[in-house]
Amino acid sequence: MIPVGFEYERAETAEHALELLAEHGDDAKLLAGGHSLLPLMKLRLAAPAVVIDIARIEGLSYIRVDGAWLAIGALTRHRDLEISPLVLEHAPLLARAASQVGDPQVRHRGTIGGSLVHGDPASDLAAVVIALGGELVIRGRREQRTLGVDEFFTGFLETAVGADELLTEIRVPCVGGTAWSFQKFNRRAQDWAIVGVAAVALNGGAGIGLVNMGATPLRATASERAVASGAGAVEAASLAADGAAPPSDVQASEEFRRHLAGVLTRRALQECGLE
Amino acid sequence: MRTRLEVNGEVHEHEHEPRLLLVHFIRDLCGLSGTNIGCDTTSCGACTVLLDGESVKSCTILAAQVDGQSVTTIEGLGTVDDMHPMQQAFHEHHGLQCGYCTPGVVLASISLLAENPDPTEREIREGLEGNLCRCTGYHNIVKAVLAAASVPGAGEIPA
């Protein structure tokens, strides 16, 4: 399968990428590792007139501790997250989820920024950033803004990043030492999750992110509230699919996905130490 | 546009459309047909090559993205008379049936050992999750990689 023809531009710096975006507007798409965009282009579900390759921008691939936060450059690859001593120490849930994205070849190319900006509800990393209560740093030509993850995913394959903006950094709180769990249900090792659950014990409650339970990556708000008000794992997990609108497709019916969300959330909360 | 790649130690520079995929650069412009196209959807791993030593799926990379980088294909490993240790292990343990997935599996296995020189059987199975063998030959593939792990150089690209 061959993508529709396009013009290729290589951005040398973040400023250069933003200039190119300003010049080409909605006709342009940013390309990092290419493991979300290129499959869409090969299927001709996406046909940008201009592809702006940002993979070589210096200084957008890093993992560092910034106060109480772990700051991750948008071009950081899944493989780097999987083996980073800093991620393993301060956000082991993120390292675990990254180790289950696709397969080794995919993890050698795919980036956390690309994965999040793609906005796929089936994204493992999105659910993790939701569970952890992360923040996203978005840069425009004039200003930089930081959004909480709950404002980031706006619709199916849509995020709050504007057509003239660039996601530069993902921030998650350092939660080393707290209990966490990542539950991914699929039929074959390398597949996307049919349903997944990321959970972490936070401030006496729990952060819970759901994979593939609606048009966007979702927070299991009802389960989180139940945990915060003292409910056990079984009771809290029974509310996991409240408010969700999971798809029915060849992999699973909506009803089966709701069932899975409950089972996986219960397992995740129990692994987090909830009775 | 022009892209210059080092493929198996030789410089290949070609003029092409921006939409050209790495696998087509390798097969059609370099004339190296050992890299197979299987599913063409980033699933099967038949098109796996090493990019600067790491396994990648060449059907999901634009040639333009990797300009200036170094690629190793199955032709860059060994010959029938002088096999790479990984090829030798696949030969000895019958780690193939029809052979279509084999170039990709061999290269993915080298990348696996480069990252984890002493893997368990489970780690090999998980490490090769990105390569499908429709002859269901995984059992002997895993045996071959386990055996290769004890042979010096099995996780390295020949100089």
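Structural data are supplied above this passage.
Every chain is numbered on its own, with residues counted from 1 as its sequence reads. Each chain takes a letter, starting from A, and each ligand takes a number, starting from 1, following the order in which they are written. Two thresholds apply to this predicted model, a pLDDT of at least 70 for residue-level local features and 80 or more for giving and counting side-chain atom pairs, whereas whole-chain, interface and lining totals are computed over all residues.

## Digging into the overall build of chain A
Regarding its fold elements, chain A presents eleven helices and 14 strands. Scaling as 2.2 N^0.38, a compact globule of 275 residues should have a C-alpha radius of gyration of about 19 Å, and chain A matches this with 18 Å. Seen through its C-alpha atoms, chain A measures out along the principal axes to roughly 55 × 45 × 30 Å. In this description, a residue-residue contact is defined by the distance between C-beta atoms placed from the backbone, which must lie within 7 Å. Across chain A, every contact between residues at least 6 apart in sequence was considered, and the portion connecting residues at least 24 apart equals 63%. Only DSSP runs of H or I with at least four residues qualify as helices, and only runs of E with at least two residues qualify as strands; both kinds are numbered from the N terminus onward. Throughout, radius of gyration means the C-alpha value; the globule benchmark is 2.2 Å times the number of residues raised to the power 0.38.

## Observations concerning helix α9 (residues 221-228) of chain A
All names here are of chain A. Burial in this document is a count-based property: other C-beta atoms within 10 Å of a residue's C-beta are tallied, and the residue is buried at 20 or more, exposed at 12 or fewer, or partly exposed in between, with C-beta positions derived from the backbone. Turning to α9, its buried residues number three or more, namely Ser223, Glu224, Ala226 and Val227. Along the axis of α9, the buried residues cluster in a sector spanning 160 degrees; they form a single face. Check the buried side of α9 and you find it contacts β13 (205-211), β14 (218-219), α10 (233-237) and α11 (254-271). Phi turns positive one or two residues past the end of α9, at glycine 230, with a value near 95 degrees. In this description, one arc is meant: the one made by directions from the helix axis to the C-beta atoms.

## Some remarks on the interface of chain B and chain A
Listed per partner, the contact involves 24 residues of chain B and 21 residues of chain A. Looking at the side of chain B that touches chain A, the elements with two or more residues in it are β4 (54-57), α3 (102-115) and α4 (121-127) of chain B. With four residues, β4 of chain B is the largest single contributor of residues to the side of chain B that touches chain A. Tallied by class, the residues present in the side of chain B that touches chain A amount to seven nonpolar, ten polar and seven charged. Any residue outside Ala, Val, Leu, Ile, Met, Phe, Trp, Tyr, Cys, Pro, Asp, Glu, Lys and Arg is labelled polar, Gly included; the first ten of those are nonpolar and the last four are charged.

## Observations regarding the nonpolar core
Residues and elements named next belong to chain A. Here, a nonpolar core denotes buried Ala, Val, Leu, Ile, Met, Phe, Trp, Tyr and Cys residues that are linked to one another through C-beta atoms within 7 Å. Within the largest apolar cluster, 89 residues are counted, with the highest numbers of intra-cluster contacts made by Leu93 and Ala199. It is helix α8 (residues 124-132) that contributes the most residues to this core, eight residues altogether. Ignoring sequence-local partners within four residues, the contact set of leucine 93 consists of Val128, Ala131, Leu132, Trp180, Phe182, Ala198 and Val200.

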